[in-house]
Amino acid sequence: MPDEQAAALYVEKLLAYALEKGLIERMDVIPCRNALLDLLRLPEPYMGREIETDDDLDGIIGALLAYAVSKGIIPDSAVERELFSTRIVGLLMPRASEVVKTFNHIRSTQGVEAATDWFYNLSVASNYVKLSEARQNMTWTTTTEYGPLVITINVAKPEKDPRDIERERDAQSSRYPRCLLCIDNVGFSGNVGHPARQNLRVIPVTLGGEEWYLQYSPYSYYDEHCILVYRGHVPMRITPATFERLLEFVEQYRHYFMGSNADLPIVGGSILSHEHYQGGKYIFPMESAPAERHFSHPSAPQVVVDTIRWPLSVIRLTSADKEALVDVAAMLTELWRGYEDEESSIRPYSEKDGQMIMHNTVTPVARMLPDGEFRLYIVLRNNRTSEEHPWGIFHPHEQLHHIKKENIGLIEVMGLAILPGRLKGELEKIASILTGRQSYDKNQVLEDSILAKHGHWIEELIGKYGTDLTPDEAWEVLKHEVGSKFLQVLLDCGVFKRHANGQKAFARFLLEAGFREVD
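A.B. asks: Tell me what's going on with the sheet that holds strand S2 (residues 147–154), and back it up with residues and numbers.
C.D. replies: Strand order in this open sheet of three strands is S1-S2-S15, and the pairing throughout is mixed. Either end of the sheet is taken by a strand with one partner, and the two such strands are strand S1 (138–144) and strand S15 (416–420). Here the average twist between neighbouring strands, direction ignored, is 25 degrees. Contacting S1, S2 and S15, helix H15 (residues 471–493) runs over the sheet at an angle of about 70 degrees to S1.

A.B. asks: Any details on empty space enclosed by the protein? Residues and values, ideally.
C.D. replies: Following the criterion strictly, the structure yields two cavities of 30 Å³ or more and no others. Considering only enclosed or pocket space, the largest cavity measures out at about 40 Å³ in volume. Every residue along the wall of the largest cavity is listed here: Met93, Phe119, Leu122, Ser123, Ser126, Tyr128, Asn199, Leu200 and Arg201. Looking at the lining of the largest cavity, its residues break down into five nonpolar, three polar and one charged. Computed from the structure, the second largest cavity encloses a volume of approximately 30 Å³.

A.B. asks: So, the pattern of salt bridges: which residues are in play, and what are the values?
C.D. replies: In this structure the tally under the stated criterion is 27 salt bridges. Across the pair Glu113 and Lys281 runs a salt bridge whose closest N-O atoms are separated by 3.0 Å. Of this pair, Glu113 sits in helix H6 (residues 112–125) while Lys281 sits in the loop between strand S7 (276–280) and strand S8 (291–296), and the two are 168 residues apart along the sequence. You can call Lys281 partly exposed: its relative accessible area is 26%. Here Asp306 and Arg316 are joined by a salt bridge, their closest N and O atoms 3.1 Å apart. Highlighted residues: Asp306 in strand S9 (residues 304–308) and Arg316 in strand S10 (residues 314–319), separated in sequence by 10 residues. By the burial criterion, Asp306 is buried, and Arg316 matches it. One continuous salt-bridge network, built from bridges that share partners, spans Glu113, Asp117, Glu224 and Lys281.

A.B. asks: I'd like to hear about the packing of aromatic side chains, residue by residue, with values.
C.D. replies: For the structure shown, the criterion picks out 18 aromatic pairs. Judged by centre distance (4.6 Å) and plane angle (10 degrees), the rings of Phe249 and Tyr253 are stacked. The class of Tyr253 is buried, set by a relative accessible area of 0%. Ring plane angle 15 degrees and centroid distance 5.2 Å describe the contact between Phe496 and Phe506, whose orientation is recorded as stacked. Placement of the pair is Phe496 in the loop between H15 and helix H16 (500–512) and Phe506 in helix H16, with a sequence separation of 10 residues.

A.B. asks: How would you explain the packing of helix H12 (residues 422–434) against helix H14 (residues 455–465) if you had to name every residue and give the values?
C.D. replies: Put simply, H12 and H14 touch, their axes get as near as 11 Å, and they point 35 degrees apart. You can see that H12 and H14 cross each other, and the crossing is right-handed. Residue-level inspection shows Leu427, Ile430, Ile433 and Leu434 of H12 in contact with H14, the latter providing Trp457, Ile458, Leu461 and Ile462.

Thresholds applied
- Residues numbered from 1 in each chain as written.
- Predicted model: local features only at pLDDT ≥ 70, side-chain atom pairs only at ≥ 80, totals over all residues.
- Heavy atoms only, no water.
- Pairing = 2+ DSSP bridges.
- Helix = DSSP H or I, 4+ residues; strand = E, 2+ residues; numbered from the N terminus.
- Axes fitted to C-alpha atoms, helices over the stretch in contact; angles between N-to-C directions.
- Contact = heavy atoms within 4.5 Å.
- 1 Å grid on protein atoms, 1.4 Å probe; cavity = no way out; pocket = protein on both sides within 12 Å on 5 of 7 lines; lining within 4 Å.
- Points joined across faces, edges and corners; volume = space filled by probe spheres on them.
- Nonpolar A, V, L, I, M, F, W, Y, C, P; charged D, E, K, R; others polar.
- Salt bridge = Lys/Arg side-chain N within 4 Å of Asp/Glu carboxyl O.
- Buried < 20%, exposed > 50% of the residue type's maximum accessible area, 1.4 Å probe, protein only.
- Phe/Tyr/Trp six-rings, centres within 6.5 Å; stacked < 30°, edge-to-face > 60°.
- Left-handed = near helix turned anticlockwise from the far one by under 90°.

Here's what the structure looks like:
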């Protein structure tokens, strides 16, 4: 079959896929076909037999990308392929207003959960949510004294091609869209420094009289991982309005949780420049942690206040009274912003170049319980650094950086580790040492650019387990040990440590805030 007819065949397979997944309707087939033929510079459609439906979108797109590269339509680089693949799918997307109309119709006739099911499936079918890439991630559960922790090695995030890095360096910088979360991303064609978003669609959500937009995360770390984005490009900020919005959202979308990353560097998320929250249909390990101590406040006796058995310092608030819950959360946050405890290394402020730098903040997470009560988790955070811990006193300490160096944000606070993709290959090499397939030589390990960072850990593992494990035993050992490392990461991030003095200091903060301990 000539190249052009082979490519035209894949155009027909793509149209059949789009029809089956509901991206287009029968009347859309001809104009969508013509748009695809034009994009791929094909003179005519496929002339062969009837096409069978093919669910392998990656295979279909891959074939069209190979054709585009072979004909010089696009350069052969990872970024150019990604941009062009999104452009292809973008030609099959319903208009943004049509998506909103369909969502609202399903919501009014079948309920909000059916509406988000439809919207999520649309985002998957359009390859905006990259499930095939997410399935490449390594995931397992580690049992700890604080309950299970979920460990994920994120191998799905694509590496940059050196040729793309060069193009990005040489490209003229643009301030449009201003960031990856701005609403202007909907339909954006992308460039070497900014991903294409022709397949992005959003749903307007009104919170506190303000316009927000619901979308799904391209790299889904858990079920229906969604992002709630503010319409304006304003920085992250935790205020009483934050708690109001989170609770209002979970009241509207009762099957989702919603939380906010902290609003300070080191303890916040990767994008602090744009106000946004993260949610989804997932129950995190932290939510199963039992209560340890119980408190109440005379101004809001209807709010149940608990500390929980968790590596970080978490205050759990529960009440059917949404306004009272917001008041208690706001009071706790305001008091924590200015709280100082030298014995616990907690200082709320420092001075740099004549400016006061804030250090105390919180990571809040909201959920509506099946009985109609609201629950709000307030995780106490502090981003101060020191000479001993230049990356952060309450950040993964340096001896853990061979496993996890990045910020510990909302998702990880709740017990789901997102570890760097490099670990997969590194753990494979360590496993070969533990099984004896690769002989251990300390000097060789220290000279190995991949294994050197793990040198001390490898010695510990050999001392503990030897070098005669079966492959399955080696992987079970490594999974357990990586999980233990992540537990230590979370313990490092706790502002009030888990030992007796740390827990006394935690209770002291609550008592000084006017709370009373109850049985």
